[in-house]
Amino acid sequence: MNAQTTLSRFTSPSNQTHLQSLISFIKSTTQTFQLLQIHAYLLRTSLIQQTTFSVPFLNRISLPPLQNLNYSLKVFTQISRPNVTHYNTMIRAYAMTIHPERGFYVYRDMMRHDVRPNPQSCSFVVKSCIRGCLFLGGVQIHDRVFRDGHCSDTLLLTTLMEFYSVSGKCEDACKVFDEMPMRDTVAWNVLVSCYTRNGRTRDALGVFDAMRSGEHGCDPDDVTCLLVLQACSNLCAFEFGERVHQYIKVHGYIHALNICNALVAMYSKCGQLDKAYEVFQKIPNKDVVSWTAMISGFASNGYGREAINGFRQMKTMGVSPDEQTFTALLSGCSHAGLLDEGRLIFDKMQTEFGVVPNVHHYGCVVDLMGRVGLVEDAYDVIMSMKCKPDATIWRTLLGACKVHGNLTLGERVIEHLIELKAQEAGDYILLLNMYLSAGHWEKVIEVRKLMKEKGIQTTPSASTIELKGEIHEFKVDDTSHSRINEVYEMLDEIEKQLKIGGYDAELNDVGSKDKETRLSYHSEKLAMAFGVLATPPGTKLRVAKDLRICTDCHNFAKMLSGVYNREVIIRDRTRFHHFRDGRCSCNDFW
DNA sequence: CGGTATGACC
């Protein structure tokens, strides 16, 4: 039916059929001016007071693509006795705007008018609390769940899980999950996402296995796979990732672009570029995300030239880069030490592609310049930035100051970090090591005192290694692993062997605890020793570390790769280190 | 079917 002719019918009083088609017209039109005409008609005939008309109308103007909150509010106030559905529409609409907290106000208004909230109202208002960071508001809703008789509404409880998850209350989210009478796949997926988000990545993988066991009647779906692949990326869990890949193939999800893109990212983040490329090549309709994931994979594994090449191909294929693509490219240049190329890309990004540099882009440039020793210039770059420098960017420069022994600049940089109230233990450790290297003992003592005064908590660093799809975690001076005694014995044995090969623990870098900390017991060394212990000779070792690898452990890994003839991949907070034949692919240390 | 959901700086 033609839209104009339909519309003209509503100028005169209508029969039931006409009113029916009016509703479907409201639901289908994309023209605001037609809605305005209908609005006038609804007001004139008072049909707006009837739920059957006002609900679809309010929905239409409150949700994308025609979302207009001022208009919604106007219509809402014209309804003399709004019912629960009207309120729900308003709460839901506000939940997705830049003023999500207003959803909570609407909810309170609804209570004041004695309109009983249904599970949907609660879900939407919890969503408002999530988006608006209203922690107490969310808890309030949760407290009411039993009283309102909504304790078996899967959707509401899932939204509450999500609420606790983003609030960092992993335990509470799990409690809600445990107490749910019925759990669907989405609830399970939220559990996975909750574990990943809150650092319980290994448990996220456990959930995947639990779902697959078939005992819960909820098989992993495509979203589960996306979430679990993220967890594998974080943990460098290559073998587990391969299992997920297999599952994806069996269930036909391999044709979904987002799944393929996540696979490329996962393999890249496990240091398996060949696998990443294999998946990438087979993607028929590569989008900007696919290309960026691949370029980023090249970049973080130290293949700057390949990253640039990938970018060229991408342009040839007619895919336009976005700001994240340039971040990947620039970080590729910095990891590979390609100063001129990086600068050129940074310029072209702005002139040719009109991308305004953001904090990520600047972060790469600062790293690029700091790495080649242009620390003062890097400082000037930060000071000239149009956006506010974040802690990461200062930390990057601080690392460069450490490598190049620029103490005076390092002191200035730490001031900036303190100003941002973002200084971490690692920053002080870096400064401490700079003073140590320079032999400024009185300064060393001063920093220690400062750290003590400020109560700076040093979180012990952790490393993980995957064996047969199982993740083993080690902390500094770990005593918790079941085979820890064997691990320490093996570590001593390895150190003996490496010393013969010329390895000497560099004693001028200290760990995160205090000056008595034995270098030998850094978590990545424990993980490597366990790998040597528990796998057949020649097996590749893949270690993930949450902080940056120190010079000593880097040397240790280099030597180990030669003496024991093992390929070692260590992924630290910033990048990959591929050790082979006594060498590393990176240029971080020399 | 409203709730989960692909690629970024150290």
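The notes below deal with the structure included here. (Residues numbered from 1 in each chain as written. Chains lettered and ligands numbered in written order. Predicted model: local features only at pLDDT ≥ 70, side-chain atom pairs only at ≥ 80, totals over all residues. Heavy atoms only, no water.)

Moving on to unusual backbone geometry. Here the residue pair Pro-64 and Pro-65 is connected by a cis peptide bond, since its omega of 5° sits within 30 degrees of zero. Residue position: Pro-65 is located in the loop between helix 4 (51-62) and helix 5 (69-78). (Helix = DSSP H or I, 4+ residues; strand = E, 2+ residues; numbered from the N terminus.)

This part is about the protein's contact with DNA strand B. The full set close to DNA strand B counts 44 residues, and Gln-120, Lys-127, Leu-155, Asn-189 and Thr-574 are the nearest of them. Backbone atoms, meaning sugar plus phosphate, form 39% of the atoms of DNA strand B positioned within 4 Å of the protein. Within the side chain of Gln-120, an N or O atom sits 3.2 Å from a base nitrogen of DNA strand B. In this structure, Thr-158 approaches DNA strand B through a side-chain N or O atom, which is 2.8 Å from a base nitrogen. Looking at side-chain class alone, the surface near DNA strand B contains 12 nonpolar, 20 polar and 12 charged residues. (Near = heavy atom within 4 Å. Polar contact = N/O pair within 3.5 Å; in protein donor to acceptor, adjacent residues only side chain to side chain. Nonpolar A, V, L, I, M, F, W, Y, C, P; charged D, E, K, R; others polar.)

Structurally, the position occupied by Ser-463 is in strand 1 (residues 462-467). Ser-463 sits in the buried class, given a relative accessible area of 0%. Residues in contact with Ser-463, not counting those within four places in the same chain, are His-472, Glu-473, Phe-474, Ser-523, Glu-524, Ala-527, Val-543, Ala-544 and Lys-545. (Buried < 20%, exposed > 50% of the residue type's maximum accessible area, 1.4 Å probe, protein only. Contact = heavy atoms within 4.5 Å.)

Taking 1.5 Å per residue as the helical rise, helix 10 (residues 154-166) with its 13 residues ought to reach 18 Å, and the 18 Å between its terminal C-alpha atoms agrees with that figure. Judged by how many residues are buried, helix 10 sits mostly within the fold: 11 of 13 residues are covered. Looking only at helix 10, the buried set comprises Thr-154, Leu-156, Leu-157, Thr-158, Thr-159, Leu-160, Met-161, Glu-162, Phe-163, Tyr-164 and Ser-165. Along its buried surface, helix 10 packs onto helix 8 (119-131), helix 9 (135-147), helix 11 (170-179) and helix 12 (185-197). Just downstream of helix 10, Gly-168 is the residue with a positive phi angle, here 80°. (Expected span 1.5 Å × (residues − 1).)

Turning to its location among the elements, Glu-470 is positioned in strand 2 (residues 470-475). For Glu-470, a relative accessible area of 49% translates into the label partly exposed. In this structure, the C-alpha to C-alpha distance between Glu-470 and Glu-239, residues 231 residues apart in sequence, is 8.5 Å.

What follows covers the packing of helix 14 (residues 222-235) against helix 16 (residues 257-269). Orientation of helix 14 relative to helix 16, taken along the N-to-C sense of each, is 15°, at an axis distance of 9 Å. What the angle tells us is that helix 14 and helix 16 run roughly parallel. Where helix 14 crosses over helix 16, the two elements pack in a sense that is left-handed. Residues Asp-222, Cys-225, Leu-226, Leu-229, Cys-232 and Ser-233 of helix 14 lie in contact with helix 16, whose contacting residues are Asn-258, Ile-259, Ala-262, Leu-263, Ala-265, Met-266 and Lys-269. A breakdown of the residues in the contact of helix 14 with helix 16 according to their chemical character gives 9 nonpolar, 2 polar and 2 charged. (Axes fitted to C-alpha atoms, helices over the stretch in contact; angles between N-to-C directions. Parallel < 35°, antiparallel > 145°, perpendicular 65-115°, else oblique. Left-handed = near helix turned anticlockwise from the far one by under 90°.)

Coordinates in, geometry out; function isn't part of it.
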